[in-house]
Amino acid sequence: MKYKLIKEPDNSLSAIQQILYNRGISLNQIHHYLNTSDLDINSFDGLGIENLKNAAAALVSTIQNKKNMLIVVDSDCDGYTSSAILLNYLYDLFPSFIENNVKYYIHEGKEHGLLDVMNYINEHDFDLIILPDSSSNDYGYHKELYQNGKKIIILDHHEAEYISPYAIIINNQLSDYPNKDFSGAGITWQFCRFLDKLLGSNNSDNYIDLVALGNCGDMMSLKSIETKHIINKGFKNIQNPFFYYMADKNSYSLGDKLTPMGVAFYIVPFINAMQRSGNLEEKELLFKSMLKYEAFKIIPSTKRGCKGQTEKLVEQAVRTAINVKNRQTRAQDAGMELLENKIISDNLLEHKVLLFLLEPGEIDKNIAGLIANKMMAKYQRPCCILTKVEEIEESIILTSNPPQEYKYITYQGSARGCDKVGINNFKDICTETKCIMYAEGHQGAFGLGIKESQINSFIKETDRILKDMSDEPIYYVDYIYNGIDVSSQAILDIASLDDLWGKDMDEPMVAIHDLKINEKMITLMSPDKKPTLKIILPNKVSLIKFNSSQEEYENLCSEGYIAIDVVGRCNQNIWMNYVNAQILIDDYEIISKAKYYF
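Here the structure is a predicted model, which is why all the values come from computation and not from measurement.

Conventions and cut-offs
- Residues numbered from 1 in each chain as written.
- Predicted model: local features only at pLDDT ≥ 70, side-chain atom pairs only at ≥ 80, totals over all residues.
- Heavy atoms only, no water.
- Helix = DSSP H or I, 4+ residues; strand = E, 2+ residues; numbered from the N terminus.
- Rg over C-alpha atoms; globule rule 2.2 N^0.38 Å.
- Buried < 20%, exposed > 50% of the residue type's maximum accessible area, 1.4 Å probe, protein only.
- Contact = heavy atoms within 4.5 Å.
- Lys, Arg positive; Asp, Glu negative; His and termini not counted.
- Charge placed at Lys NZ, Arg CZ, Asp CG, Glu CD.
- Pairing = 2+ DSSP bridges.
- Axes fitted to C-alpha atoms, helices over the stretch in contact; angles between N-to-C directions.
- Expected span 1.5 Å × (residues − 1).
- Polar contact = N/O pair within 3.5 Å; in protein donor to acceptor, adjacent residues only side chain to side chain.
- Salt bridge = Lys/Arg side-chain N within 4 Å of Asp/Glu carboxyl O.
- Phe/Tyr/Trp six-rings, centres within 6.5 Å; stacked < 30°, edge-to-face > 60°.
- Lys NZ or Arg CZ within 6 Å of the ring centre and 35° of its normal.
- Parallel < 35°, antiparallel > 145°, perpendicular 65-115°, else oblique.
- Left-handed = near helix turned anticlockwise from the far one by under 90°.
- Nonpolar A, V, L, I, M, F, W, Y, C, P; charged D, E, K, R; others polar.

A.B. asks: Talk me through the overall build of the protein chain; I want residue IDs and the actual numbers.
C.D. replies: Counting its regular elements, the protein chain contains 21 helices and 21 strands. At 27 Å, the protein chain has a C-alpha radius of gyration in line with the 25 Å of a compact globule built from 598 residues. For the C-alpha atoms alone, the extent of the protein chain along its principal axes is close to 85 × 70 × 60 Å. Across the 598 residues in the protein chain, those meeting the buried criterion constitute 51%. Of the contacts formed within the protein chain by residues at least 6 apart in sequence, a portion of 67% connects residues at least 24 apart. Each charge sign in the protein chain was given a centre, from 61 positive and 80 negative side chains, and these centres are 3 Å apart.

As structure tokens, this is what we get:
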């Protein structure tokens, strides 16, 4: 087990000062970071005032003339929240127009942008198409729609090569907007703020909870003052029906307050599971539950044993989301078992990258990225899950009439980097091999395509480039304690900061070196169910390891004393009004055993 201090602790700094300094917040910015306000919300002008005016003019004209409008709902948490913000906002002002002239399109799979929407658009009479959280780079489709007399508004945050001349593009990456770590929900909300100013209304702030959820779902950096402030503000006043009901359902896991990490673990996965494993009817149900004018409609109950009864749409949506998540988990577990067997049969651990080459249908493409995350985390190395695709192109041979078809095999799918072993630029590494067809997406999570003929070269090149990659995870810790010299108050102080942690603001970890324990200090709780190992230090600080076993317990309870190194996260446990400091063990290593304690 390897662990390193992020920075040598400065005894003149408090725990919060040291930890934020370790995460790149300068000492003179810490007070501001901990005390943000609405003054930290950027002006929408940075998105381009002309673009905003043109978008507003196209929207208002469509409404005034009672033309038809389509909103394309992107297939992830940020996409759902972005479209829900816009529809809810417009319904406040123009309910009749929304009910009679607006449709929304939900992708059947996990598609993004316009690719699968074009036929639907061509079959209907839409004058305006709005795409929140997608489509900045769908240049060909923009041109086609423009030539067919359609107006297009893009409310997006994804990078693109240039600004499309055939659509109205509102995008923080393609403008002077200072915050590049703001999701599609944030850009859509800023457009609504502009409409508020234009129309003399004040409704956009009703949807800050959805802005917070969208930014959290898309893992926007909490180093951004604006993003952090919006997330904190939104989580303090949940108004959206689905968000409220889902938070209430998971209240035990979420604790007494919503935090970015809590929402990322107990709200966002249910929305994303719907995109990967839900059918179209289930997806539409969930989206409707985010619309305040749909969520509380009374509909026939689908709850087991309740035939003939009714329930609120939002209640049914929450239950359905939980069922779909469970369905996805079963498919995920089956997929991981398949890949575990491939690791053994194909000797995949001989190479730096876990590269799985699958036949069509072995793993649902919609959950390949999810499984890649799990395998990456378990084996602590970059992971690619690629499925065979047969490509066909016409050969360009002048003497061939008609042109001959040329068939070749590619492998396409999902790739994930591994920050814990220092690989946070895996997309660039794949590109550097010069063996790939494409790598599209974020550095640590992207789509990857490779020709079959280049597979061996890709493996050879990634082995070469990653030759110095650590063979085991490196835990970067904020403090290293020696033996039982662990401050209970310091652990509680760090644990109290749980609402600060998220993307780019990693939860603090601490290490304990050469901790000597004996069997009197160790307990195995719930040994017949989900065993939990508990080590109580002399100062009453508890070390907790979930998912333990009788074997692990007995191994630590040998005669005499055992010295271990421990890495974990700080937690507070409140029981019968008593607050106890805990360290939740992420990893440990036995470094020595002795019959007597010296």
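A.B. asks: Summarise the sheet that holds strand β6 (residues 168–171); cite the residues concerned and give the values.
C.D. replies: Spatial ordering of the open sheet is given by β3-β2-β4-β5-β6, a layout of five strands whose pairing is parallel. Single-partner strands in this sheet number two, and they are β3 (102–106) and β6. Across the sheet, the axes of successive neighbouring strands diverge by a mean angle of 15°, strand direction being ignored. Along the sheet, helix α8 (residues 184–199) contacts β4 (128–132), β5 (151–156) and β6; its crossing angle with β5, the most-contacted strand, is approximately 120°. Relative to β3, helix α15 (residues 280–289) is tilted by about 130°, and along the sheet it contacts β2 (69–73) and β3.

A.B. asks: Give a description of helix α4 (residues 77–93) that names residues and reports values.
C.D. replies: Taking 1.5 Å of rise per residue, 17 residues should cover 24 Å, and α4 covers 25 Å from first to last C-alpha, within 8% of that figure. Counting buried residues in α4 gives 15 out of 17 residues, a clear majority hidden from the surface. For α4, the side-chain oxygen to backbone nitrogen distance between the N-cap and Asp78 is 3.2 Å, and the N-cap itself is Asp76.

A.B. asks: Help me get a handle on the pattern of salt bridges, residues and values and all.
C.D. replies: Using the criterion set out here, one finds 17 salt bridges in the structure. For Glu282, the salt bridge is made with Arg327, and the minimal N-O distance between the two is 2.8 Å. Of this pair, Glu282 sits in helix α15 while Arg327 sits in helix α16 (residues 313–345), and the two are 45 residues apart along the sequence. Take Arg327: its relative accessible area is 33%, and that puts it in the partly exposed class. Of the charged contacts, one joins Glu294 and Lys297 as a salt bridge, the two residues approaching to 2.9 Å between their closest N and O atoms. When salt bridges with common partners are traced through the structure, they connect Glu507, Arg569 and Asp586 into a single cluster.

A.B. asks: If you had to explain the packing of aromatic side chains to someone new, which residues and values would you point to?
C.D. replies: Taken as a whole, this structure holds 15 aromatic pairs when the rule is applied. Between Tyr104 and Phe287, the ring centres sit 4.9 Å apart and the planes meet at 65°, which makes this aromatic pair edge-to-face. Linking Tyr104 in strand β3 with Phe287 in helix α15, this pair joins segments that are 183 residues apart in sequence. The pair Tyr104 / Phe287 is uniform in exposure class, with both members buried. Summarising the aromatic geometry, the rings of Tyr244 and Tyr245 are spaced 6.1 Å apart at their centres and angled 70° between planes, so their arrangement reads as edge-to-face. Of the aromatic side chains, those joined through ring pairs into one cluster are Tyr80, Tyr104 and Phe287. Of note, Arg23 hangs over the ring of Trp501, and the distance from its end group to the ring centre comes to 5.6 Å. Sitting above the plane of the Tyr33 ring, Lys228 keeps its charged end 4.8 Å from the centroid.

A.B. asks: Account for the packing of helix α9 (residues 208–217) against helix α10 (residues 225–235), naming residues and giving values.
C.D. replies: Axis separation between α9 and α10 bottoms out at 7 Å; the angle between their running directions is 125°. Judged by the inter-axis angle, α9 sits oblique to α10. Between α9 and α10 lies a crossing whose hand is left-handed. Residues Ile208, Asp209, Val211, Ala212, Leu213, Asn215 and Cys216 of α9 touch α10, and the partners they reach there are Thr227, Ile230, Ile231, Lys233, Gly234 and Phe235. Considered class by class, the residues forming the contact of α9 with α10 number eight nonpolar, three polar and two charged.

A.B. asks: Kindly report on the sheet that holds strand β19 (residues 542–545), identifying the contributing residues and their values.
C.D. replies: Reading across the sheet, the seven strands line up as β15-β16-β20-β21-β19-β18-β17 and stay open at both edges, with mixed pairing between neighbours. Only two strands of the sheet have a single neighbouring strand rather than two, namely β15 (479–482) and β17 (522–525). The mean angle between the axes of side-by-side strands here comes to 35°, regardless of whether they run parallel or antiparallel. Alignment of β17 against strand β18 (residues 532–536), held across four bridges, turns out to be antiparallel. Along β18, the bridge assignment pairs Ile522 with Ile535.

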